[in-house]
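Breakdown of the fold
Below are the chains, spelled out letter by letter.
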Amino acid sequence: MTNRAHNFSAGPAVLPLSVLKTAQQEMLSLHGSGMSIVEISHRSLYFSQIIEQAETRLRALLQIPADYHVLFLQGGASLQFSMIPMNFLASDQSMAFVDSGSWAKKAFLEAQKVGSTTQIWSDKAQNYQRMPSTSELSTSSDYIHLTSNETIQGIALQSDYKLDKPVICDMSSDILSRPVDVNQYDLIYAGAQKNMGPSGVTLVILKDQFLKKHQQTSASQLGSMLNYTTHIENKSMYNTPPVFSIYLLNLVMGWLEEQGGLSGIHQRNQNQAQQVYAVVDQSQGFYQGHAQIESRSLMNITFTIPGADQALFLKQAEAKGLHNLKGHRSVGGIRASLYNACPQESVDALCAFMQDFKRNQS
Ligand SMILES: *Cc1c(COP(=O)(O)O)cnc(C)c1O
């Protein structure tokens, strides 16, 4: 076995080793077929069993109610930024955006090209250090858009908000990291490459009554690929789906079941994130967390090192096999992404390195 890096990449991100090994074993001959997953028809029994199992597993893990559609689409979460307003935002309606950080902003800017939008809350002045509480969110708009985890700033919603308008939520970077109440959302979307698998597939969980009530009749004029109804009617196989991405996603879902499902993985995520935040908090200001404590993300841990050379931190980290710790330029500093598949050894190695680095600097 070649040495695996301690990989703290924000996405594409670390995947479970057992999943990669299975994919490696099955690469030349999938389930005795003599062909790989990327060489067979998406209409074959081999693939239809995989996509069905992926959906079944997702429904069980997230306890998705029967009246929600589960779709495997392409174009990333970024295409959802456009597809959502194209399908749902009528000319006399508006969509309210919670300006929680960089991804919320992108979603807002794309929707603005399609129809009327408002921002109902913003922490921009503080460079996005926290999420709002439910009581801070009220709007006369027709829809509310949330971003449950701001991957760049490292802040996250800590629970599901009960809001009185249809809620659309970008869960790209924390989906399946904790149990959620799907009933509180009308449309959930997430690119796969943070917590579910490789890039190339985007999960959409869409409430049927919401679609029936709110999809604009003009949606039938959209290109077929842009219309949710196309993908529902064709069970996510209107065109060739990203077969390899869905195959790996399915293996990751199997791995998640083995971790005790979402409550099991949530416990582990909390312990791991707490371990790193504790090093930050007990460093007497050597490390400074970006997020306010109540909004801290379990997935992306952001901090700065005000009194030390950050480039040196990154260089020494690399030398110890700790990779992809550089923060996004809009926040600066360090970002350690501890997605579901992050092994405990990587968290231990990071914490030990942070303590050593501090000791050597003081
Ligand atoms: C990564 C990310 C996106 C963009 O996803 P793509 O699949 O690359 O389009 C959108 N929202 C959030 C919260 C993300 O973390």
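Data block above holds the structure.
We now turn to the structure provided with this report.

**Overview of the pairing of strand E2 (residues 68–73)**
Across the six residues of E2, six count as buried, placing the element largely inside the fold. Here E2 runs beside strand E10 (residues 202–207); their pairing, made up of six bridges, is antiparallel. Bridge assignment links Phe72 to a residue of E10, and that residue is Leu203.

**Remarks on helix H2 (residues 45–62)**
Taking 1.5 Å per residue as the helical rise, H2 with its 18 residues ought to reach 26 Å, and the 26 Å between its terminal C-alpha atoms agrees with that figure. Those residues of H2 that fall on the buried side of the exposure criterion are Phe47, Ser48, Ile50, Ile51, Ala54, Arg57, Leu58, Leu61 and Leu62. Next to the buried residues of H2 lie E2, E10, helix H7 (243–258) and helix H8 (261–281). A positive backbone phi angle near 50° is found at Gln63, which sits one or two residues after H2.

**Notes on unusual backbone geometry**
Backbone torsion omega between Gly11 and Pro12 reads -10°, so that peptide bond is classified as cis. Relative to the helices and strands, Pro12 resides in the loop between strand E1 (6–7) and helix H1 (17–26). Notably, His31 is not glycine yet its phi reads approximately 45°, a positive angle. Relative to the helices and strands, His31 is located in the loop between H1 and H2. Exposure remark for His31: the relative accessible area of 48% places this residue in the partly exposed category.

**A few points about the site of the ligand**
Neighbouring residues of the ligand: 13 residues in total, closest Ser78, Thr151, Asp170, Gln193 and Lys194. One of the backbone N or O atoms of Ala77 is found 3.0 Å from an oxygen atom in the ligand. Residue Ser78 places a side-chain N or O atom 2.6 Å away from an oxygen atom belonging to the ligand. Alone, the ligand offers 380 Å² of accessible surface; in the complex the protein occludes 88% of this. At four residues, helix H3 (residues 76–88) tops the list of elements feeding residues into the shell around the ligand. The class makeup of the residues in the shell around the ligand is three nonpolar, eight polar and two charged.

**Section: the environment of Tyr339**
Looking at where Tyr339 falls in the secondary structure, it is placed in the loop between strand E14 (334–337) and helix H10 (344–361). Residues Tyr339 and Ser36 lie 303 residues apart in sequence; the distance between their C-alpha atoms is 28 Å.

**Observations regarding the nonpolar core**
By size, the foremost hydrophobic cluster in this structure holds 88 residues, and its most contacted members are Leu62, Phe72, Leu146, Leu176, Tyr287, Phe313 and Leu325. Looking at this core, the element that brings in the most residues is H7, giving 10 residues. Every residue in contact with Leu146, bar those within four places of it in the chain, is listed here: Val98, Leu137, Leu157, Tyr161, Leu163, Val167, Ile168, Cys169 and Asp170. Phe81, Ile84, Met95 and Tyr189 belong to the second-largest nonpolar core, a separate cluster that totals 22 residues.

**What to know about a nonpolar patch on the surface**
Together, Met27, Leu28, Val38 and Phe244 give the surface a local cluster of nonpolar side chains, amounting to about 370 Å² of exposed area. Here Phe244 lies in helix H7.

**Some words on the environment of Thr22**
On the secondary structure map, Thr22 appears in helix H1. Take Thr22: its relative accessible area is 25%, and that puts it in the partly exposed class. Sequence separation between Thr22 and Ala349 is 327 residues, and the spatial gap between their C-alpha atoms is 26 Å. When residues no more than four places from it in sequence are discounted, the contact partners of Thr22 are Tyr247 and Leu251. In this structure the side chain of Thr22 is engaged in a polar contact, spanning 2.9 Å, whose partner is the backbone oxygen of Ser18.

What counts, and where the lines are drawn
- Residues numbered from 1 in each chain as written.
- Predicted model: local features only at pLDDT ≥ 70, side-chain atom pairs only at ≥ 80, totals over all residues.
- Heavy atoms only, no water.
- Buried < 20%, exposed > 50% of the residue type's maximum accessible area, 1.4 Å probe, protein only.
- Helix = DSSP H or I, 4+ residues; strand = E, 2+ residues; numbered from the N terminus.
- Pairing = 2+ DSSP bridges.
- Expected span 1.5 Å × (residues − 1).
- Contact = heavy atoms within 4.5 Å.
- Near = heavy atom within 4 Å.
- Polar contact = N/O pair within 3.5 Å; in protein donor to acceptor, adjacent residues only side chain to side chain.
- Areas by Shrake-Rupley, 256 points an atom, 1.4 Å probe, with all protein chains shown as cover.
- Nonpolar A, V, L, I, M, F, W, Y, C, P; charged D, E, K, R; others polar.
- Core = buried A, V, L, I, M, F, W, Y, C linked by side-chain atoms within 4.5 Å.
- Patch = residues over 30% accessible without salt bridge, like charges linked within 9 Å, V, L, I, M, F, W, Y side chains within 5 Å.
- Salt bridge = Lys/Arg side-chain N within 4 Å of Asp/Glu carboxyl O.

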